[in-house]
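Observations on the three-dimensional arrangement
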Amino acid sequence: MYCCTKVNDDIIWIGVNDRKTPRFENYIPLDAGVTYNSYLIIDEKICIIDGVEAGEGGEFYSKIEATIGNSKIDYIVVNHVEPDHSGAIKGLVKLYPEIKIVGNVKTIMMLKDLGLNLKDDQVVVVKEKDVLDLGKHKLTFYMMPMVHWPESMSTYDMTDKILFSNDAFGSFGTLDGGIFDDEVNNEFFEDEMRRYYSNIVGKYGAPVNGIMKKLANVEISVIAPAHGLLWRKNIPEVFKKYQLWANMEAEKEGVVILYASMYGHTAEMAEVLGRELGNRGITDVIIYDCSKTDQSYIFSSIWKYKGLMIGSCAHNNDIYPRLQPVLHKLANYGLKNRYLGIFGNMMWNGGGVKGICDFAASLPGLEVLTEPIEAKGAVTPLQRDKLIELASIMAEKLIAERK
Ligand SMILES: Cc1cc2nc3c(=O)[nH]c(=O)nc-3n(C[C@H](O)[C@H](O)[C@H](O)COP(=O)(O)O)c2cc1C
Ligand SMILES: [Fe+2]
Ligand SMILES: [Fe+2]
């Protein structure tokens, strides 16, 4: 029998740890799993906030039963209809036919689009700052369109000051011990929150700024997201990170060197750059081979650090195939506020460096530091000097920003 995990005396975490699904949205590796957090409020009216993924329904329903026995459920608030949160709702409605679905106009429309056959008397439509009275707990709603879908909203418990923030402030990783940030080593979750943000929400900085503005004067004792750790000790730090990310500002001094190489010449150039940055006092330098490291981790590091260097060998007049999707997604997300260095390798007429230059030209928020450095096979002494110069300019720029 599942144990009930308390958020407080009358709010229970009934989420699930998913260690089976290999990839989130079928492309982002879940090396440390993911949770679908759901919360059950026990009050005069019983209310669930957010559901779980369809395949996790069994555990979800068992936890509900373990918590409330044969009682009926009055409401489920659907903050977001993406199937990781709404998949198990169909089954829930079958088990609890009297339950009312609480959402905004778009939520209800989208649930119907996903095949949920809802009648008018099964739904409660809410809009910004409406209040749902459960008895002791009064819930209100803050719309947050595009964080992460058009219908996304967050629910705020005005009684206990708990923000059920759905995808906002979420992180990958299962909850294996504690569920709060003061109960676990949360360094891991900070990284997984950034990997979640940069890959899932990263494109939507302006909408994230919108919800941050709405929440600026809201007293919050707990952030209870729909994925990963609950925050109650480090709320100001988490808000600070979100504010930086919303504006696509880097968190830290450091350089990500991302390269694509078949025979090692571009890799050698990356090594020179990395060492020369290290020689100049840059302590955080991370070199990624794009053929090896999944792009979700590369994204997370790019969101963290101010410096970026991208190198590619030429491949059929283009960027190397494994690098293309990374740059495509970065362009799609509108990466900005980064210093960029460009390098690469070729044998005939090039293509890799040209492709990176086109990528950079499409993103006005990137500051390209030097002319691109393109070697033909083995790196010449002159090209080596140019790499050292690039590292030196990057280091100077970063060091000049130290406070
Ligand atoms: C399939 C394939 C396609 C290539 N296409 C080009 C090209 O379009 N233009 C070019 O200058 N070199 C091309 N090359 C040569 C490589 O870019 C060149 O050998 C480069 O030095 C490889 O860098 P690396 O050692 O970092 O892998 C190609 C090589 C291969 C295997
Ligand atoms: Fe989502
Ligand atoms: Fe989600």
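Observations concerning the coordination of the iron ion (ligand 2)
In this structure, His80 (NE2), Glu82 (OE), His148 (ND1) and Asp167 (OD) serve as the protein donors to the iron ion (ligand 2), at separations of 2.0 to 2.3 Å. Around the iron ion (ligand 2) sit four donor atoms, and with donor-metal-donor angles ranging over 88 to 169 degrees the site reads as irregular. Donor residues binding the iron ion (ligand 2) come from one chain and are separated in sequence as H-x1-E-x65-H-x18-D. The distance between the iron ion (ligand 2) and the iron ion (ligand 3) is 3.4 Å, with Asp167 acting as a donor to both metals. Taken together, the residues Glu82 in the loop between β9 (75-77) and α2 (83-86) and His148 in the loop between β13 (138-143) and β14 (153-157) connect sequence positions 66 residues apart. Pair check on accessibility: Glu82 and His148 agree, each one buried.

Some thoughts on the coordination of the iron ion (ligand 3)
Looking at the metal site, the iron ion (ligand 3) is ligated by Asp84 (OD), His85 (NE2), Asp167 (OD) and His227 (NE2), spaced 2.1 to 2.3 Å from it. What the four donor atoms of the iron ion (ligand 3) show is an angle range of 85 to 177 degrees at the metal, which sorts the shape as irregular. In the primary structure, the donors to the iron ion (ligand 3) are separated according to the pattern D-H-x81-D-x59-H.

Details of the packing of helix α5 (residues 187-201) against helix α7 (residues 235-246)
The relative placement of two packed helices is expressed as an angle between their axes plus a distance between the axes. Running from N to C, α5 and α7 cross one another at 30 degrees; their axes reach a closest spacing of 12 Å. What the angle tells us is that α5 and α7 run roughly parallel. For the crossing formed where α5 meets α7, the hand is right-handed. Packed against α5, whose contacting residues are Glu190, Met193, Arg194 and Tyr197, the element α7 presents Val238, Lys241, Tyr242, Trp245 and Ala246 at the interface. The residue inventory of the contact of α5 with α7, partitioned by class, reads six nonpolar, no polar and three charged.

Some words on the sheet that holds strand β7 (residues 39-41)
Taking strand neighbours across the sheet as the criterion, the seven strands line up as β1-β2-β7-β8-β9-β10-β11 in an open arrangement whose pairing is mixed. The strands lining the two open edges of the sheet, one partner per strand, are β1 (5-8) and β11 (123-125). Here the average twist between neighbouring strands, direction ignored, is 25 degrees. The sheet contacts of helix α1 (residues 57-68) involve β2 (11-13), β7 and β8 (47-49), and relative to β7 the element is tilted by about 25 degrees. Sheet strands in contact with helix α4 (residues 105-113) are β10 (100-103) and β11, and its direction is about 125 degrees off that of β10.

Definitions and cut-offs
Residues numbered from 1 in each chain as written. Chains lettered and ligands numbered in written order. Predicted model: local features only at pLDDT ≥ 70, side-chain atom pairs only at ≥ 80, totals over all residues. Heavy atoms only, no water. Donors = N, O, S within 2.8 Å, 3.2 Å for Na, K, Ca; no water. Tetrahedral: all angles 85-135°; square planar, octahedral: opposite > 155°, others 65-115°. Helix = DSSP H or I, 4+ residues; strand = E, 2+ residues; numbered from the N terminus. Buried < 20%, exposed > 50% of the residue type's maximum accessible area, 1.4 Å probe, protein only. Axes fitted to C-alpha atoms, helices over the stretch in contact; angles between N-to-C directions. Parallel < 35°, antiparallel > 145°, perpendicular 65-115°, else oblique. Left-handed = near helix turned anticlockwise from the far one by under 90°. Contact = heavy atoms within 4.5 Å. Nonpolar A, V, L, I, M, F, W, Y, C, P; charged D, E, K, R; others polar. Pairing = 2+ DSSP bridges.

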